[in-house]
Amino acid sequence: MARLLIVSNRLPISVRVDRGALCLTRSSGGLAAAMRGPHERRCAVWIGWPGSVTSLSPEQRRDADVALAGMRAVPVHLGAAEQHRFYDGFSNGVLWPLLHYLLDKVNLDAELDWEAYQRVNERFADIVVAQYTPGDAIWVHDYQLLLLPALLRRRLPGARIGFFLHVPFPSAEVFRILPWREQIVRGLLGADLIGFHTAAYRRNFAASAAHVLGVEPGEAELEHDGRRVALGVHPISIDAAEIERLAGHPGVREEAARIRAEARGRKIVLGIDRLDYTKGIPRRLLAIQRFLEREPELRDQVRFLQLAVPTREMAGAYADFRRVVHEMVGRINGQYGTTYATPIHYMHRSLPLEQVVALYLAADVMLVTPLRDGMNLVAKEYVAARVDDDGALILSEFAGASSELAEAVSVNPYDIGSVAAAVKQAIAMPPAEQQRRMAALRGRVATHDVHAWAQAFLDELDRAAAPEPEGAAAPSRRGMPEGVVERVRLAPQRVWILDYDGTLVPFAPVPDLAAPDEELLALLRALSERDRVHIVSGRRRADIERWLGALPLHLHAEHGFWSRLEASDDWVALEPDAAAWKGEARAILEGVTRRTPGSFIEEKTVTLAWHYRTAEPELASQHVRELRACLEERLPMDTLELLAGAKVVEVRPRGVHKGRVVPLILDEVPARAAVIAIGDDRTDEDIFAALPPSACTIHVGNESSRAAYRLPDPGAVRRLLRSIHAGHAGHAGHAGHAGLDAEIHA
Ligand SMILES: Nc1ncnc2c1ncn2[C@@H]1O[C@H](COP(=O)(O)OP(=O)(O)O[C@H]2O[C@H](CO)[C@@H](O)[C@H](O)[C@H]2O)[C@@H](O)[C@H]1O
Ligand SMILES: O=P(O)(O)OC[C@H](O)CO
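Remember, predicted model here, so these are calculated numbers, not experimental data.

Quick notes on the rules
Residues numbered from 1 in each chain as written. Chains lettered and ligands numbered in written order. Predicted model: local features only at pLDDT ≥ 70, side-chain atom pairs only at ≥ 80, totals over all residues. Heavy atoms only, no water. Helix = DSSP H or I, 4+ residues; strand = E, 2+ residues; numbered from the N terminus. Buried < 20%, exposed > 50% of the residue type's maximum accessible area, 1.4 Å probe, protein only. Contact = heavy atoms within 4.5 Å. Domains from an automatic or database assignment. Polar contact = N/O pair within 3.5 Å; in protein donor to acceptor, adjacent residues only side chain to side chain. Near = heavy atom within 4 Å. Areas by Shrake-Rupley, 256 points an atom, 1.4 Å probe, with all protein chains shown as cover. Nonpolar A, V, L, I, M, F, W, Y, C, P; charged D, E, K, R; others polar. Pairing = 2+ DSSP bridges. Axes fitted to C-alpha atoms, helices over the stretch in contact; angles between N-to-C directions.

A. Region of interest: the side chain of Asn333. By secondary structure assignment, the location of Asn333 is in helix α12 (residues 316-336). Exposure remark for Asn333: the relative accessible area of 15% places this residue in the buried category. In this view, Asn333 contacts Thr342, Pro343 and Ile344; residues no more than four positions away in its chain are not counted.

B. Here's a closer look at helix α5 (residues 148-155). Summarising burial for α5: six of the eight residues are buried, a large majority. Those residues of α5 not exposed but buried are Leu148, Pro149, Ala150, Leu151, Leu152 and Arg153. Those residues of α5 that are buried are in contact with β1 (4-10), α4 (111-131), β6 (137-141), β7 (160-164), α7 (181-188) and β10 (227-233).

C. Examining the domain arrangement of the protein more closely. The domain architecture assigned to the protein consists of domain 1 (4-233), domain 2 (240-447), domain 3 (477-575 + 656-745) and domain 4 (582-653). Once you take the C-alpha centre of each, domain 1 and domain 2 turn out to be 30 Å apart. At the junction of domain 1 and domain 2, the tally comes to six residue pairs in polar contact (both at pLDDT 80 or more). Only α1 (30-41) and α3 (80-99) provide two or more residues apiece to the side of domain 1 that touches domain 2. Sorting elements by how many residues they give to the side of domain 1 that touches domain 2 places α3 first, with six residues.

D. Representation of the site of ligand 1 in the model. Taken together, 23 residues sit near ligand 1, with Gly30, His166, Arg274, Asp373 and Glu381 positioned nearest. For ligand 1, an oxygen atom lies 2.7 Å from a polar atom in the side chain of Arg274. Measuring from a nitrogen atom of ligand 1, one finds a backbone N or O atom of Leu351 at 3.0 Å. Relative to its free-state accessible area of 720 Å², ligand 1 is covered by the protein chains to the extent of 93%. Mapped by element, the contributors of at least two residues to the shell around ligand 1 are α1, β11 (267-274), β12 (302-309) and α14 (377-385). In terms of residue class, the shell around ligand 1 is built from 11 nonpolar, seven polar and five charged. Each of domain 1 (4-233) and domain 2 (240-447) accounts for three or more of the residues forming the shell around ligand 1.

E. Focus on the site of ligand 2. The full set of residues close to ligand 2 is Arg10, Gly29, Gly30, Leu31, Tyr87, Asp142, Arg274, Thr311 and Arg312. Note that an oxygen atom of ligand 2 is positioned 2.4 Å from one of the side-chain N or O atoms of Tyr87. Contact distances for ligand 2 include 2.8 Å between an oxygen atom and a side-chain N or O atom of Arg312. Isolated, ligand 2 exposes 310 Å² of accessible area, and the fraction of that covered by the protein chains is 92%. Counted by class, the shell around ligand 2 contains two nonpolar, three polar and four charged residues. Of the domains in this structure, domain 1 (4-233) and domain 2 (240-447) are the two that each give at least three residues to the shell around ligand 2.

F. Region of interest: the sheet that holds strand β14 (residues 365-368). The six strands lie next to each other as β13-β12-β11-β14-β15-β16, forming an open sheet whose pairing is parallel. Edge positions in the sheet fall to β13 (344-348) and β16 (409-411), since each of these pairs with one other strand and no more. The mean inter-strand angle of the sheet, taken between neighbouring strand axes irrespective of direction, is 20°. Pairing between β11 and β14: two bridges, direction parallel. Across the sheet, residue Val269 finds its bridge partner in β14, namely Val365.

See the structure below:
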């Protein structure tokens, strides 16, 4: 039966030894807390790290593995040194602060930690692959496993792979600081669906992928490696029914009453967080200090409770941070404490959920003031626990939860004065206002609980991973089989139809920089000694003539509008020049060029092209949409067409396309000749479409194509041409063939 495989760095159960005995405890942290319910309800298998087992005896380790198996948990054991580099070093020393915009804490000299991060992601991949059976859905979680989707995709190409990010995804301007940004984005794009808490995080990711990999920025979908990757917005939630159940439990209510009695009529203002520098505890303490300073008459009427859950104690930044927080609490209590009262009650430990809920029940005000937070479940748990619809929630505008919990008192956690004022407002909030706000908040959390969240994510994953409907343009995913290369090599004659940019030369930032190098010229010359070589380019006739005119090649420029069939011939036009539309089109393109820095116009005899390769991707993508709408409105589209190429929009007369030269070329082809066409973009698809099935068609790159085969880049195209030429000429080129075939099979 198809199963759900949940994969996260940490298992919900941690294994350790306490006074010689094996202990299994609930792991802390939002991810484990959130996924516990879906794991149980869906009988899912959970793969992750169970904590360090180095101090366990072999028997204890076996016992632990058996106990975990009984809970459908599969351990990924890691050595202590490896774990330290992967977890404290890369995950929490580089990614965590970067994703939370805390740039001064990011360690960018972390090469060894990065290597460990890659190795651990591979180790996870090994274990997931070993657990996987066809039909299972794989759901990978969070920033410790950003490379895993692509590692799995390589080994399980047909699997349904979802990824959910529990933390923020920052602006592209921040993300692209990361030296390993490209590998990280590629890693994520192995998934069928990538889920984020908010639309802003999703937008940031799409913009980062556009900057880093040059993919077209889409809102809900990106195309990469010939596959579509869906981007979803799925704000996580809590098991609201479970929190409500606990909030109604007599033991929990008794504990809450005891906490209130202890406060002796004072209002209780509560903070609960992992002791993490993103949670904003120091600035919250400064806000409390400001409140105590500003409101002397309220000092003895409020009790602040802060529960700080130990976390990541082996990472340097966290040990220093713990000391800073402890000192601040001591200083404020020293300044404002009396013989009768201590303003801040601080606890540095983990508590069972029942006691956490008792604290929620006892608190008049909940202070949730992270500097950044993916979502923040504490805010939602507080709301769910307030079964009497009372209490007030103060919530940072930098928590993902703030986009859903609009009835909370919203604060900027950096603005200490306004947080102090919000505390005053919340403790004085009239009961009717509390009821109005809390009822709306509770209704929302109850309907959008963690089970609805998991269902929505998995439904979207099913849709995203569904096979393409019949007839859709299928991406060509195959390399070139050895047999095909050999057939081409052994053909008595060959006719090549070659695109230029992106096929024979890599893309250059501006078209003029893509002139052929000596090696290419020598290769084309050598090839044309035996074979007929047609270059079919979208470039201007003048460029093609200047760069390739001296070679014995058959040249076609401007998408086949101009052809020079023999070296001694003149160029001939396919149709008489009908360019009356160009004045209007040029004015429109000039307008968009002025508004899009980095873009420019290229003018050819019968076409106008707008290039935006070096423009800011999001801006360019928006302007492409506007440009198309404007051109379609103002130009005679019955005689013209718009063509989207690789970072270029082109206007040209209808019917002028590269496919038009195919009959001219085939006219001269001897019966037993092999025809091989190679091209990289949309315009080359017209050539592939016009050729008979017997032709060998090759797409360069990873986009969808009707070509039969695929090569990765212009370097591989040149190696293919060299190998065919050398093989035919009987050179010692066969070692080269084996290498080429391995490469194009990879
Ligand atoms: N003393 C204690 N003992 C035991 N458990 C305690 C505890 N105090 C708090 N907890 C529990 O720990 C969880 C904390 O979740 P958060 O969302 O606040 O943060 P976290 O940063 O761990 O999670 C990450 O994942 C979650 C889920 O996606 C995101 O909301 C968040 O932004 C992201 O950083 C809550 O469920 C809470 O009940
Ligand atoms: O304790 P960690 O480091 O596993 O992190 C807990 C948080 O849930 C991370 O998202």
